[in-house]
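Remarks on the overall topology
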Amino acid sequence: MPASKSYPVESLSFKPQDPEKTYYSPTNNSPPPPYTNGDGPVDLDPPIEEEEERGIWGSQWEFLLSCIGLSVGIGNVWRFPYLAYDNGGGAFLIPYIIMLVLVGKPMYYMELALGQYGGEAPLTVWSCVPIAKGVGVAMVIVSFIVAIYYNVIMSYTLYYMWASMQKVLPWQTCTNAWNSRFCYVRGETNLSYFEELNRTEEFNGTIKLTTSPEEYWTNKVLGLNEIVDGVISHTYNISDLGGIKWDIVLNLLLSWIIVFICLMKGIKSSGKVIDATNLI
């Protein structure tokens, strides 16, 4: 084997602590001299910092179910039927399908492609197109707004869930403190009494009947009307908000806690939640 070469210290970019020239050869058993950059010894082989591994989906099914959960939501079962009815019924499907094919699905595919290929957050993935970084900011803002009102709706859902744990549902009767004298129960109340009352000089056609579920939502859950002896004594509006509904506040807090628990471990926890919620 050829003898290993010796390299002078001057060939390095560091200065030896010993002012005399020092030579080091791997054939010697002596350790190499410590090197310094003028401020102290320098580690020639610094440890490499490992980047934290980004979470991934547990399976392809988790990813598929997450896409379904993103696509199917309150808008499909709540908002879409209303918009279709309010904009021409079946005729509304024609422009809807055209925009779905030309705009909706391409943008949906682009979002998935950028997210899966780049593996970055909305604020950083648009570094590939710096002029479009504002799109990432807009995505975060929209997600934040959606999270706010979705959690409000979720708090109402929790409210009704607790209220339904009774033998007689509170919105099935008109004998509660929040019911007005013009409350009626579908299929049970004799409406002829209200029709005759509405013909009298006192009311003269001004009576507006409300169902028991509507009054439960308006007067009990939202607290928009104060009822005294079956008569609306005060109505709250945008200029007179009234006090804080602590029962709604507590349910809203619980909904945010549930969201935090689902997302605190990223994809690892949200993936398992997606499996359960989509199947339900």
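Residues numbered from 1 in each chain as written. Predicted model: local features only at pLDDT ≥ 70, side-chain atom pairs only at ≥ 80, totals over all residues. Heavy atoms only, no water.

1. Regarding the overall build of the protein
- Of regular secondary structure, the protein possesses 9 helices and 8 strands.
- Split into buried and exposed, the 280 residues of the protein put 19% on the buried side.
- Total accessible area computed for the protein in this model is approximately 21400 Å², and 64% of it derives from carbon and sulfur atoms. (Helix = DSSP H or I, 4+ residues; strand = E, 2+ residues; numbered from the N terminus. Buried < 20%, exposed > 50% of the residue type's maximum accessible area, 1.4 Å probe, protein only. Areas by Shrake-Rupley, 256 points an atom, 1.4 Å probe, with all protein chains shown as cover.)

2. Observations concerning the state of the cysteines
- One pass over the structure, following the stated rule, counts 1 disulfide.
- In this model, Cys174 is linked to Cys183 through a disulfide, with the two sulfur atoms separated by 2.0 Å. Its S-S torsion of about -65° marks the bond between Cys174 and Cys183 as left-handed, since a negative value means left-handed. (Disulfide = S-S within 2.5 Å.)

3. Some points on the confidence of the model for the protein
- Overall, the predicted model of the protein reaches an average pLDDT of 77, with 74% of residues at or above 70.
- Mean pLDDT across the elements of the protein ranges from a minimum in strand E3 (residues 23-24), with 47, to a maximum in helix H8 (residues 246-263), with 92.
- pLDDT under 50 marks residues 5-17. Its contacts with residues more than four places away, or in other chains, come to 25 contacts. (pLDDT = per-residue confidence, 0-100. Contact = heavy atoms within 4.5 Å.)

4. Things to note about helix H5 (residues 133-163)
- Over its 31 residues, H5 runs 46 Å from end to end, which matches the ideal 45 Å to within 8%, given 1.5 Å per residue.
- Where H5 is concerned, the buried positions are Gly136, Asn151, Ser155, Leu158, Tyr159 and Ala163.
- Buried positions along H5 lie against helix H4 (122-125), helix H7 (212-221) and H8. (Expected span 1.5 Å × (residues − 1).)

5. Here we look at the packing of aromatic side chains
- One pass over the structure, following the stated rule, counts 11 aromatic pairs.
- Ring geometry for Tyr160 and Tyr216: centres 5.6 Å apart, planes at 75°, overall edge-to-face. One end of the pair, Tyr160, is in helix H5; the other, Tyr216, is in helix H7, and 56 residues separate them in sequence.
- What makes Tyr160 partly exposed here is its relative accessible area of 24%.
- These aromatic residues form a ring-pair network of at least three members: Tyr156, Tyr159, Tyr160, Trp171, Trp178, Tyr216 and Trp217. (Phe/Tyr/Trp six-rings, centres within 6.5 Å; stacked < 30°, edge-to-face > 60°.)

6. As for the pattern of salt bridges
- Applying the stated criterion across every chain yields a total of 1 salt bridge.
- A salt bridge links Lys245 to Asp247, with the nearest nitrogen and oxygen atoms 3.9 Å apart.
- Overall, Asp247 belongs to the partly exposed group, its relative accessible area being 29%. (Salt bridge = Lys/Arg side-chain N within 4 Å of Asp/Glu carboxyl O.)

7. Quick word on the pairing of strand E7 (residues 225-228)
- Alternating positions in E7 separate cleanly, Asn225 and Ile227 being buried on one face and Glu226 and Val228 remaining unburied on the opposite face.
- Across 4 bridges, the pairing between E7 and strand E8 (residues 231-235) is antiparallel. When the bridges of E8 are listed, Asn225 appears paired with Thr235.
- Hairpin connection from E7 to E8: 2 residues lie between these consecutive antiparallel strands, with Asp229 at a positive phi of about 55°. (Pairing = 2+ DSSP bridges.)

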